[in-house]
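Fold and contact review
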Amino acid sequence: MSLVPLVVAVPFAAGTLIAIVGKWIPPRIADVAGIGAAAASTVLAAILVSRTAHRTLVYWFGGWRPKVGQFPVGISFTVDRFGAGLACFACALVTVALLYSWRYLEEEHGLFEVIALLFCAGMAGFALSGDLFNMFVFFELMGVAAYALTAYQVEEEPALQAAFNFAVSNTIGSFLVLLGLALVYGRTGSLNLAELGQRLGTRHDGLVVVAFTLLVCGFFVKAAIVPFHFWLADAHAAAPAPVCLLFSGVMVELGLYAVARIYWTVFALHGVRPVLLVLGAVTAVGGAYMCVMQRHLKRLLAYGTISEAGCMLIGTGLLSHDGTAGAALTVLAHGLAKGSLFLACGVLLVCLGEVDELELHGRGRELRVLGVTWLLGAIALASPPFAGTFTGHALIEDSGPGWVAPVLAFATIVSTGAILRAGARVFLGLGPRNDPLLSEEPRESPASRENPSVALMTALALALAIGGLVIGALPGFAVAVEDAAHVFVDRHAYLAAVLQHQPVVHEAPSHWVTTTSSVVWAVATLLGSCGWAVFGLYREQLPQPAKVAMAAVARPFRAVHSGHIGDYVTWLVFGVAVVGGVFALTAS
Amino acid sequence: VTYLPYALAIVVFTAALFGIAISDNLVHIAVCVSVAQSATYILLLAIGYKDHGTSPVFSDIPSKRTTVDPVVQALTLTDIVVSVAVVALLLAFAVKSYEMTGTLDPAELAELKG
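Report follows, based on the coordinates. As the structure is a computational prediction, the values presented were derived from the model and not from experiment. (Residues numbered from 1 in each chain as written. Chains lettered and ligands numbered in written order. Predicted model: local features only at pLDDT ≥ 70, side-chain atom pairs only at ≥ 80, totals over all residues. Heavy atoms only, no water.)

**A closer look at the overall build of chain A**
We apply this condition: Segments assigned H or I by DSSP are reported as helices when at least four residues long, segments assigned E as strands when at least two residues long, and all are numbered from the N terminus. The size measure is the radius of gyration over C-alpha atoms, and the globule rule it meets is 2.2 Å times the number of residues to the 0.38 power. By definition, residues are in contact when any of their heavy atoms lie within 4.5 Å. Residue burial considers only the protein chains on display, and all accessible areas are found by Shrake-Rupley using a 1.4 Å probe. Only four residue types enter the tally: Lys and Arg on the positive side, Asp and Glu on the negative side, with His and both chain ends excluded. To locate a charge, take NZ of a lysine, CZ of an arginine, CG of an aspartate or CD of a glutamate.
Within chain A one finds 22 helices and two strands. For 588 residues, the compact-globule estimate of 2.2 N^0.38 gives 25 Å, and the C-alpha radius of gyration of chain A, at 23 Å, lies within 12% of that figure. C-alpha atoms of chain A, sized along the principal axes, occupy 70 × 60 × 50 Å. For chain A, restricting intrachain contacts to residue pairs at least 6 apart in sequence, the fraction spanning at least 24 positions comes to 83%. If you sum the accessible surface of chain A, you get close to 18,600 Å²; carbon and sulfur atoms cover 68% of it. The centroid of the 31 positive side-chain charges in chain A is displaced by 2 Å from the centroid of its 35 negative side-chain charges.

**Section: the interface of chain A and chain B**
Quick note on the threshold: Joining two parts hides part of their accessible area as seen by a 1.4 Å probe, and the buried area is that hidden amount summed over both. The salt bridge criterion pairs a side-chain nitrogen of Lys or Arg with a carboxyl oxygen of Asp or Glu, the two atoms within 4 Å. Polar contact is the term for a pair of N or O atoms within 3.5 Å; when the atoms are in protein, one must be able to donate a hydrogen and the other to accept it, and sequence-neighboring residues count only if both atoms are side-chain atoms.
Listed by partner, the interface residues are 52 residues for chain A and 39 residues for chain B. Together, the buried faces of chain A and chain B total about 3,800 Å²; carbon and sulfur atoms form 79% of this surface. Sorting the residues of chain A by area buried against chain B places A:Glu157, A:Phe164 and A:Phe175 first, and these three jointly supply 18% of that buried surface. At the boundary of chain A and chain B, one finds one salt bridge. One salt bridge in this structure joins A:Glu155 and B:Lys96, with 3.7 Å as the shortest N-O distance. If you look at where chain A meets chain B, you find one residue pair in polar contact (both at pLDDT 80 or more). Elements supplying a minimum of two residues to the side of chain A that touches chain B: helix 5 (132-150), helix 6 (157-188), helix 9 (230-238), helix 12 (297-317) and helix 22 (565-586) of chain A. The greatest single-element share of the side of chain A that touches chain B, amounting to 20 residues, is contributed by helix 6 of chain A.

**Comments concerning the pattern of salt bridges**
Residues and elements named next belong to chain A. The tally for this structure, following the rule as stated, stands at twelve salt bridges over all chains. Residue Glu 195 pairs with Arg 199 through a salt bridge whose shortest N-O separation is 2.7 Å. Of the two residues, Glu 195 and Arg 199 are both situated in helix 7 (residues 193-200); the distance of four residues between them amounts to about one turn of the helix. Asp 234 is the salt-bridge partner of Arg 299, the closest N and O atoms lying 3.1 Å from each other. Of this pair, Arg 299 sits in helix 12 while Asp 234 sits in helix 9, and the two are 65 residues apart along the sequence.

**Observations regarding the pairing of strand 2 (residues 76-79) of chain A**
All names here are of chain A. Threshold: Burial classification: accessible surface area is computed with a 1.4 Å probe over protein chains only, and a residue below 20% of its type maximum counts as buried, one above 50% as exposed, and the rest as partly exposed. For two strands to be treated as a pair, DSSP must find no fewer than two bridges joining them.
Neither face of strand 2 is left uncovered, since the one carrying Ser 76 and Thr 78 and the one carrying Phe 77 and Val 79 both have all their residues buried. Where strand 1 (residues 57-60) lies against strand 2, four bridges are found, and the strand directions are antiparallel. Bridge pairing links Val 58 to Thr 78 in strand 2.

**Re unusual backbone geometry**
Cis geometry marks the peptide bond from A:Val226 to A:Pro227; its omega dihedral reads 5°. With respect to the helices and strands, A:Pro227 occurs in the loop between helix 8 (206-223) and helix 9. Despite not being glycine, A:Ala224 shows a phi value in the positive range, around 60°. Among the structural elements, A:Ala224 can be located in the loop between helix 8 and helix 9. Residues other than glycine seldom take positive phi values, yet B:His52 does so here, at roughly 60°. Mapping B:His52 onto the fold places it in the loop between helix 2 (26-48) and helix 3 (70-101).

**Describing the packing of helix 1 (residues 4-22) of chain B against helix 2 of chain B**
If you want to describe how two helices pack, look at the angle between their axes and the distance between the axes. Residues and elements named next belong to chain B. Put simply, the rule is: Axes here mean lines fitted to C-alpha atoms, for a helix over just the part in contact, with angles spanning 0 to 180 degrees between N-to-C directions. For classification, angles of less than 35 degrees are called roughly parallel, those exceeding 145 degrees roughly antiparallel, those between 65 and 115 degrees roughly perpendicular, and all remaining angles oblique. In this scheme the crossing of two helices becomes right-handed for a clockwise turn of the near helix relative to the far one and left-handed for an anticlockwise turn of less than a right angle. Just so you know the grouping, Ala, Val, Leu, Ile, Met, Phe, Trp, Tyr, Cys and Pro go in nonpolar, Asp, Glu, Lys and Arg go in charged, and all remaining residues, Gly too, go in polar.
The N-to-C vectors of helix 1 and helix 2 enclose an angle of 165°; their axes lie 8 Å apart at closest approach. Between helix 1 and helix 2, the angle falls in the class roughly antiparallel. In this structure, the crossing between helix 1 and helix 2 has a hand that is left-handed. Between helix 1 and helix 2, the residues in contact are Pro 5, Tyr 6, Leu 8, Ala 9, Val 12, Phe 13, Ala 16, Gly 19 and Ile 20 and His 28, Ile 29, Cys 32, Val 33, Val 35, Ala 36, Ala 39, Ile 42, Leu 43, Ala 46 and Ile 47, respectively. Here the residues of the contact of helix 1 with helix 2 sort into 18 nonpolar, two polar and no charged.

**Some thoughts on the packing of aromatic side chains**
Residues and elements named next belong to chain A. Defined as follows: When the centres of two rings from Phe, Tyr and Trp lie within 6.5 Å, Trp using its six-membered ring, the rings pair. Their planes under 30 degrees apart give stacked, over 60 give edge-to-face, and anything left gives tilted. By the criterion adopted, a ring carries a charge over it if an Arg CZ or a Lys NZ lies within 6 Å of its centre and within 35 degrees of its normal.
All told, the structure shown has 26 aromatic pairs over all chains when counted by the stated rule. The interplanar angle of 90° and the centroid separation of 5.1 Å between the aromatic rings of Tyr 59 and Phe 61 together place this pair among those described as edge-to-face. On the basis of relative accessibility, which here comes to 22%, the residue Tyr 59 falls in the partly exposed class. Note on Tyr 257 and Phe 488: the rings are 6.1 Å apart at their centroids and 35° apart in plane angle, and the pair reads as tilted. Of this pair, Tyr 257 sits in helix 10 (residues 241-267) while Phe 488 is found in helix 18 (residues 477-488), placing the two residues 231 residues apart along the sequence. Given a relative accessible area of 2%, Phe 488 falls into the buried group. The structure contains a cluster of three or more aromatic residues connected by ring pairs, namely Phe 119, Tyr 147, Phe 166, Trp 231 and Phe 247. Positioned above the aromatic ring of Phe 139, the side-chain terminus of Lys 222 is 4.8 Å from the ring centre.

This is the structure we're talking about:
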């Protein structure tokens, strides 16, 4: 009996079971069962991570294992270290989210657990799948669960609006994926990633480029890459804090994972790198800029996530194993640190009934532990030397062209500076009580729950923040991720593992060592973030013309984020047209 | 080879996207999403189609008969199931927000912006 399918089956079965019997069992038992299932799934995925150190595992459903050289009729889970690691990370974050919502979301019949577990199964299945159509199915499964989670506080109108926008955007994205996979199926007659890669080989005509465009744009919707990103800020602003942890921490990143996976195993087109890098840079800078203008804390953090997704896309788009490893390290550190900040927002909502930066001015002074959590989480995101997102960013910078380092530093400074500014205002009471530059947002009504366990919630947030700092500092961890990335980008090894049953895995020939320039950039980023935070707090004191100019620059950007689904879909179509147009000229 | 079904899929998909872009009614948008999904059915079935092929049920036909591709039919079925879930959720959101605000116009709902 293979462990591989259990990672998906356990949360699936547990979720379904809780949905069926939830009415008749006490809610505490449903809670415990949900947390237990997610934790079990985490452990199973961790075992897979350890087993994939030296080989890629291939599991064929129903025993439909093809003989060497035969056409793979069956459906496979193809598990390399990246996939297993991402599944493990997703399950771990779901466990944390369920623990956090132990008393945060008092609800009937354990519905939150049910949806969260289905979400968990969808994400794990997506990460492990070795079949393009199954990727689509899991993509939709996690999508549907995510829409429901966004609208979980169904009595709030913004939550419904956000969930609607999110659902329509992502469903269109999944249709693009489906159209793309239909086209490659029509060309090759296969849906297995390895067989697809084998059959396409280097025959890259117009049809293949169109299919690649559709698939990539579909996954970019999930990854919140500009101009496909509009749903993300709305969804994060309206969803409960533990759900934001899952969205920002791992769901968005799964979109990028899928792009990298299909690029490396199936397409390997030439000439796509510039497009990916430019999109990444635009997303990194644009997200950071929008981040600065927010006063709703969760929306602010959400734009920070968009910015960071841009940084990860730069890493992925470098199309090298170092860049991919850097992106993966960033995913882990960012997921934990950003997650801790979202959880801290949840605590603020429970304790102070508010997540608006200006309304909360100085009111967080009593919550000292939470203030420390916020500081640690923000610093972990600011790429501090030898901790947090540093290793990830440094790997991306060192393996990319010269402009990458300043772009990453700029995006990080602007977005983490805004996070630090918000923290200073809320927890220290610094800066003025009013800032007309920041967007007005609808209020989120406080979670009216019976005695939520604030201590547990704060402890989880603090633990994630410390985890985010430490994961970048673990000796040997970066090396392991680099080896995994080396396997991930090795197309021949993937094809051989699935089609020839040759689980050969080798280590990266050389490993990255910390360079002086990366440390210099890290120090500059950290100091810059603090400086930008101070500027953000006291920009009221700028002369009037400067303030007018800043407001004038901000206006069009704000107007673009209209909250209207029709606009979002128009941008989506525009994005597909641009990406497809450029690919048509450059990709081959 | 006829390109008609492919052209039809593109036309239907584009029309659905256009419908969402200009729509002022949430229910209309949910229907447009469903129409966009129909375009994917057309494309899938067109890819698996063979002239003079029968349905791929092998119990009562000689195994040499030409059949259409069964895989795309399975994909289409899965796709339909997915579509049911998504459209159901969209309609639920629409109904719920109509209950709360008395309008279905996304422009009037747009509270989240900037």
